[in-house]
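This is what each chain is made of:
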Amino acid sequence: MKYLIDTGNLAEIKHCNEFYPLAGVTTNPTLVAKEKSDFWTLIKEIRNIIGPDKMLHVQTVQTTAEKMVEEAKLIKETVGGEFYVKIPIGEEGLKATMMLKELGIGVTMTAIFTPAQALIAAKAGASFVAPYVNRLDNIIGDGVRVVEDIVQEFELYGLDCQVLAASFKNCEQIHKCALAGCHTVTIASDLFKSVIAHPMTDAAVAGFEKDWKAMYGDKKILDF
Ligand code: E4P
């Protein structure tokens, strides 16, 4: 399973790109607007930080297929590298996805809440579908179950589309998606910290440090 960071914040992207096995960045209009920056400056800077080989998923803000395609082409030309345009599921979005498939531009079909939406997005040629796990859980919709069903559906029909689960609020949701065979998750920077944190780990490390220091003081292996 690949890990992406879901943010437009440059400091968070820099940090997670340095310390975690990051496969790329996803943004959405809300996350971009939150940064209160010039759009192109922000998106180009994200690309500079992660380099050309990591995925960058940027959402179109257009509402017709033709304009979505135009916007996707412009973003791809401007940021280059491994790029995917995020398009919300809908008639115009599906039409744009089929057009972009012809042009060789990858699509992440977003705002997915049912396996039926995911299946039709994959048939239209989307490279990824993004189901919103926590938003489903918030309405007692079982986000993990939706991810499981989509993974199963894609396997059953041999579809070349990956599940990029999004909207997470805790590690349990991420873990259950991993067990379901989810291909990719996109998570906020604080969740990266939660994934690796455990009080037993802190206790184990403190014990190693204490015992070493009792014998060798401040000397490290490099000092011998
Ligand atoms: C995914 O495509 C969305 O941008 C995002 O993950 C939604 O997350 P939220 O429910 O925390 O806003």
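The structure we're discussing is the one just above.
Calculation criteria
- Residues numbered from 1 in each chain as written.
- Predicted model: local features only at pLDDT ≥ 70, side-chain atom pairs only at ≥ 80, totals over all residues.
- Heavy atoms only, no water.
- Phe/Tyr/Trp six-rings, centres within 6.5 Å; stacked < 30°, edge-to-face > 60°.
- Helix = DSSP H or I, 4+ residues; strand = E, 2+ residues; numbered from the N terminus.
- Core = buried A, V, L, I, M, F, W, Y, C linked by side-chain atoms within 4.5 Å.
- Buried < 20%, exposed > 50% of the residue type's maximum accessible area, 1.4 Å probe, protein only.
- Contact = heavy atoms within 4.5 Å.
- Near = heavy atom within 4 Å.
- Polar contact = N/O pair within 3.5 Å; in protein donor to acceptor, adjacent residues only side chain to side chain.
- Areas by Shrake-Rupley, 256 points an atom, 1.4 Å probe, with all protein chains shown as cover.
- Nonpolar A, V, L, I, M, F, W, Y, C, P; charged D, E, K, R; others polar.
- Salt bridge = Lys/Arg side-chain N within 4 Å of Asp/Glu carboxyl O.

(A) Quick look at the packing of aromatic side chains. Within this structure, the stated rule accounts for eight aromatic pairs. On the numbers, 5.1 Å between centres and 85 degrees between planes, the contact of Tyr84 with Phe128 is edge-to-face. Separated by 44 residues along the polypeptide, Tyr84 in strand S4 (residues 83-88) and Phe128 in strand S6 (residues 128-131) bring together distant segments of the chain. Ring geometry for Trp212 against Tyr216: centres 4.4 Å apart, planes inclined by 45 degrees, an arrangement best described as tilted.

(B) Local environment of the nonpolar core. Val129, Phe154, Phe168 and Cys177 are the most contacted members of the largest nonpolar core, which totals 56 residues. Contact partners of Val129, with chain neighbours within four places excluded, come to Met109, Ile112, Ala118, Ala121, Ile150, Phe154, Cys161, Gln162, Val163 and Leu164. Counting residues in each nonpolar core, the second largest holds six residues, with Leu4, Ala23, Met55 and Tyr84 among its members.

(C) Seen up close, the site of the ligand. In the region of the ligand, the neighbouring residues are Asp6, Asn28, Lys86, Thr110, Tyr132, Arg135, Ala166, Ser167 and Lys169. Measuring from an oxygen atom of the ligand, one finds a side-chain N or O atom of Asn28 at 2.5 Å. Residue Thr110 places a side-chain N or O atom 3.2 Å away from an oxygen atom belonging to the ligand. A total of 350 Å² of accessible area belongs to the ligand in isolation, and the protein chains cover 83% of it. Classifying every residue of the shell around the ligand gives two nonpolar, three polar and four charged.

(D) Spatial organisation of the pattern of salt bridges. Summed over the entire model, instances satisfying the criterion amount to five salt bridges. Across the pair Lys67 and Glu70 runs a salt bridge, and its minimum N-O distance is 3.4 Å. On the criterion of helical spacing, the pair formed by Lys67 and Glu70 is a turn pair, its members being three residues apart in helix H4 (residues 65-79). With a closest N to O distance of 3.3 Å, Lys176 and Glu172 form a salt bridge. Placement of the pair is Lys176 and Glu172 together in helix H9 (residues 171-179), with a separation of four residues, close to one helical turn. Look at Lys176 and you get partly exposed, because its relative accessible area is 38%.

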